[in-house]
Amino acid sequence: MLNLLRIPSGEDLIIGRMYMTEGEGPHATVVLLHGFPGVMMNLDTASELQRQGWNVLVINYRGAWGSQGSFSFPHSLEDVRAALQYIKQKDIAKENRIDVERIALVGHSFGGFLALKAASLEPSIKAVASLSGANFGLFVQMLEQDPSFEAQIREVLQQGIFFLNGASVESIMEEVRFHQHDWNTFLLSPLLKERKLLLTAAVFDEELPKLYFHDPLVNILEKDGAKHLQCEVFETDHNYTDKRKEIALTLHKWLNEVLS
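Residues numbered from 1 in each chain as written. Predicted model: local features only at pLDDT ≥ 70, side-chain atom pairs only at ≥ 80, totals over all residues. Heavy atoms only, no water.

Peer 1: Go over the nonpolar core, please, and point to the residues and values.
Peer 2: In terms of nonpolar packing, the biggest core is built from 62 residues, with L33, L57, I59, F71, L105 and F136 touching the most fellow members. Leave out the neighbours within four places in its chain, and L33 touches I59, Y61, V80, L105, V106, G107, H108, G111, L114 and A115. (Core = buried A, V, L, I, M, F, W, Y, C linked by side-chain atoms within 4.5 Å. Buried < 20%, exposed > 50% of the residue type's maximum accessible area, 1.4 Å probe, protein only. Contact = heavy atoms within 4.5 Å.)

Peer 1: So what's going on with the sheet that holds strand 7 (residues 196-202)? Residues and values would help.
Peer 2: Pairing in this open sheet of eight strands is mixed, and the strands run 1-2-4-3-5-6-7-8 from one edge to the other. Strands at the two margins of the open sheet, each flanked by one partner only, are strand 1 (2-9) and strand 8 (228-234). Along the sheet, successive strands turn relative to each other by an average axial angle of 20°, direction set aside. Relative to strand 7, strand 6 (residues 127-131) runs parallel, the two sharing five bridges. Considered in strand 7, the bridge of S130 is made with L199. (Pairing = 2+ DSSP bridges. Helix = DSSP H or I, 4+ residues; strand = E, 2+ residues; numbered from the N terminus. Axes fitted to C-alpha atoms, helices over the stretch in contact; angles between N-to-C directions.)

Peer 1: Requested: an account of the packing of helix 5 (residues 136-145) against helix 6 (residues 149-161), with residues and values cited.
Peer 2: Helix-helix packing: each pair is described by the crossing angle between the helix axes and the interaxial distance. Where helix 5 contacts helix 6, the axes come no closer than 8 Å and their chain directions differ by 135°. One element, helix 5, and the other, helix 6, form an angle in the oblique class. Within the contact between the two elements, helix 5 uses F139, M142 and L143 and helix 6 uses F149, E150 and I153. Its residues placed into classes, the contact of helix 5 with helix 6 shows five nonpolar, no polar and one charged. (Parallel < 35°, antiparallel > 145°, perpendicular 65-115°, else oblique. Nonpolar A, V, L, I, M, F, W, Y, C, P; charged D, E, K, R; others polar.)

Peer 1: I'd love a proper account of the pairing of strand 7, names of residues and values included.
Peer 2: A regular strand places its side chains so that they alternate between the two faces of the sheet. Among the seven residues of strand 7, six are classified as buried, and the element is accordingly described as predominantly covered. Bridge count for strand 7 against strand 8 is seven bridges, and the pairing is parallel. For K196, the partnering residue across the bridge sits in strand 8 and is H228.

Peer 1: Give me a nonpolar patch on the surface: which residues, what numbers.
Peer 2: A cluster of nonpolar residues, V39, W65, F162 and F163, forms a patch on the protein surface that exposes about 450 Å² of accessible area. Following the sequence through the fold, W65 ends up in the loop between strand 4 (55-59) and helix 2 (73-87). The exposure class of W65 is partly exposed, given its relative accessible area of 32%. (Patch = residues over 30% accessible without salt bridge, like charges linked within 9 Å, V, L, I, M, F, W, Y side chains within 5 Å. Areas by Shrake-Rupley, 256 points an atom, 1.4 Å probe, with all protein chains shown as cover. Salt bridge = Lys/Arg side-chain N within 4 Å of Asp/Glu carboxyl O.)

Peer 1: Describe in detail the packing of helix 6 against helix 7 (residues 169-178), supporting the description with residues and values.
Peer 2: In contact at an axis separation of 9 Å, helix 6 and helix 7 are set at 125° when each is read in the N-to-C sense. By the angle between their axes, helix 6 is oblique relative to helix 7. Crossing angle aside, the handedness with which helix 6 passes helix 7 is right-handed. Here E150, I153, R154, L157, Q158 and I161 of helix 6 lie close against helix 7, whose contacting residues are V169, E170, I172, M173 and R177. Split into classes, the residues belonging to the contact of helix 6 with helix 7 amount to six nonpolar, one polar and four charged. (Left-handed = near helix turned anticlockwise from the far one by under 90°.)

As structure tokens, this is what we get:
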């Protein structure tokens, strides 16, 4: 079953697709967060996880793909937290057969950053997965070290904002610079080291190279004594194009371990 939800966030409503698995439940539920701008929605992963017995909520951030309001990185983070609050409401949880004690955040790329950051702010989230997650504090450091890198970033942003309402390259660059400390996922380790974590990376990722974005985060978490850290590396590209089934299976196995 697929339910369309209208989730309040700020003064707007964002779109949610709830993939409800079979059975009376309540069921463990995954909040699945797409990247920037959301060309890869991971709806195939949502469908596969639904088939495997999980509820999956896919949201579109404000200003993205039909959701009301203006897109921004801070809005997107607020949207994730608003979605969590929404599905924990007693009537919504009952209607969608959600076990509010078993909710995991899973995100890809920009969504991976959102999953880690939102989990750091939401102690009730015990399980979080970041698939080739972004790190905007690291982006700023790279810009400072190599000014030519900024042209590449701006080109990616320019391509993406076509699909987004209310955003501009300048506004996003300003947000990233302003929040470079808060949005550095390497600094979230003290808040996440007790959580059940899954971090994945792609060997041929040219957008968020494993060497810079994945490996240091793993090392920091291990050094800080992360107790429930699982890491998986796939020989594929940033979108896991030829490993879609493997990603879904990896998530299913991990969810079985951390939410059962």
